[in-house]
Amino acid sequence: GSYQVRSGLGLFSRRYGTPDWGTVYIAYVGWLVGIMLIGKALMKWKERQSKLSSMEIQMGRGEGGNRGVYDPENDLTVAQFETV
């Protein structure tokens, strides 16, 4: 599709004596694709950071005093729940 648009802009410029915007169009398409790829990578990175953070909290390595501490009296780990 991009090649056809670029060619069409070239034909239009030759027929009517206007500047050829074909290379500008290709640069614009490349810029849009780059922005989309950067956005996708940023979303994946944030999702991964969120998962790692929640895993650390669940394993007791994150925020919150004695989460995940072993209680030998009842052979269970201490569970603390937050109310919403």
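Bear in mind the structure is a predicted one, so any value in this text is a computation, not a measurement.

Asks: Residues and numbers for the pattern of salt bridges, please.
Replies: Tallied over the entire structure, the rule returns one salt bridge. Close ionic contact of Lys 51 with Glu 47 constitutes a salt bridge, the shortest N to O distance being 3.6 Å. Taken together, the positions of Lys 51 and Glu 47, both in helix α2 (residues 22-58) and four residues apart, correspond to about one turn of that helix.

Asks: Describe the confidence of the model for the chain, and please don't skip the residues or the numbers.
Replies: Residues shown with low pLDDT carry predicted positions that ought not to be read at fine detail. Summarising the model, the chain shows a mean pLDDT of 79, and 73% of its residues fall at 70 or more. Element-level pLDDT for the chain is lowest in strand β1 (residues 70-71), with a mean of 57, against a maximum mean of 88 in α2.

The rules behind these values
- Residues numbered from 1 in each chain as written.
- Predicted model: local features only at pLDDT ≥ 70, side-chain atom pairs only at ≥ 80, totals over all residues.
- Heavy atoms only, no water.
- Salt bridge = Lys/Arg side-chain N within 4 Å of Asp/Glu carboxyl O.
- Helix = DSSP H or I, 4+ residues; strand = E, 2+ residues; numbered from the N terminus.
- pLDDT = per-residue confidence, 0-100.

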